[in-house]
Amino acid sequence: MVKKDLNYYQTFITVAPDSTATAGQIPAARGKKPTKAQIEYELLSANPYTYSQSELLFEVHVRHKEISKENLAAEEEVFFAKSQACLRSSTLPKKLGWGIHFNKEGKIALYGIGTPEYKQFSENESGELKVFPAMRSSRKK
């Protein structure tokens, strides 16, 4: 199976226009199992510029669904056979105030809104980045 390249390169995803966040917020726990947003946050905050979008999406899926190591290869094939939502639809930039930077290798780091790095990436004065907003949480009325 040939995997599609789902990754962004030299890109910054800004906080969604309808987000009310004024700083990056750690995702709150809901129930006993961690949410996808919690897993994304834990992986990216502890390992900046380690994961590409494809790697992160699959790792979050594996942890969220508690898939055993024995089933990883088969699960990866099934996972990437379907379309996957990109990180523009993640709760982190949609609601929780996190910008997502993809470097030239496609590796990801989080930057909270209001930080100097967030400001630098979102303003993109060098013109080196593609800058996209996260998807809105609700449709415009």
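As a convention, each chain's residues are numbered from 1 in the sequence order in which they are written. In keeping with the predicted nature of the model, local features appear solely for residues at pLDDT of at least 70, side-chain atom pairs appear and are counted solely at 80 or more, and the whole-chain, interface and lining totals rest on all residues. Hydrogens and waters are ignored; side-chain quantities use all the structure's heavy atoms.

### Digging into helix H2 (residues 53-65)
Line of reasoning, step 1. Secondary structure elements follow DSSP: runs of H or I no shorter than four residues count as helices, runs of E no shorter than two count as strands, and numbering proceeds from the N terminus. Residue count minus one, scaled by 1.5 Å, sets the expected span of a helix. Its 13 residues place the ends of H2 18 Å apart at the C-alpha level, agreeing with the 18 Å of an ideal helix rising 1.5 Å per residue.
Line of reasoning, step 2. In this scheme, a residue with accessible area under 20% of its type's maximum is buried, one over 50% is exposed, and one in between is partly exposed, where area comes from a 1.4 Å probe on protein chains only. Looking only at H2, the buried set comprises Gln53, Ser54, Leu56, Leu57, Phe58, Val60, His61, Val62 and His64.
Line of reasoning, step 3. For H2, the elements touching its buried residues are helix H1 (36-46), helix H3 (72-81), strand S2 (98-102) and strand S3 (108-112).
Line of reasoning, step 4. Just downstream of H2 lies Glu66, where phi reads positive at about 55°. Contacts between residues were defined by any pair of non-hydrogen atoms, one from each residue, lying within 4.5 Å.

### Points about the pattern of salt bridges
Line of reasoning, step 1. One side-chain nitrogen of Lys or Arg within 4 Å of one carboxyl oxygen of Asp or Glu is enough to make a salt bridge. Taken as a whole and judged by the stated rule, the model has three salt bridges.
Line of reasoning, step 2. The salt bridge involving Glu55 is made with Lys107; its shortest N-O contact spans 3.0 Å. Of this pair, Glu55 sits in helix H2 while Lys107 is found in the loop between S2 and S3, placing the two residues 52 residues apart along the sequence.
Line of reasoning, step 3. Residue class for Glu55 comes out partly exposed when judged on its relative accessible area of 37%.
Line of reasoning, step 4. A salt bridge links Arg63 to Glu59, with the shortest nitrogen-to-oxygen separation between them at 2.6 Å. In this pair, Arg63 and Glu59 both sit in helix H2, four residues apart, roughly one turn of the helix.
Line of reasoning, step 5. On the basis of relative accessible area, Arg63 is assigned to the partly exposed category, the value being 42%.
Line of reasoning, step 6. With a relative accessible area of 23%, Glu59 lands in the partly exposed category.

### Structural notes on the environment of Asp18
Line of reasoning, step 1. Checked against the element boundaries, Asp18 lands in the loop between strand S1 (11-14) and H1.
Line of reasoning, step 2. Accessibility expressed as a relative area gives 25% for Asp18, which makes it partly exposed.
Line of reasoning, step 3. Residues contacting Asp18, with those up to four places away along its chain left out, are Lys94, Arg136, Ser137 and Ser138.
Line of reasoning, step 4. Under the rule applied, a polar contact is a pair of N or O atoms within 3.5 Å (in protein, one hydrogen donor and one hydrogen acceptor; residues adjacent in sequence only if both atoms are side-chain atoms). Of note is the side chain of Asp18, whose polar atom sits 2.9 Å from the backbone nitrogen of Ser137.

From the geometry alone we can't say anything about function, so treat these as descriptive.
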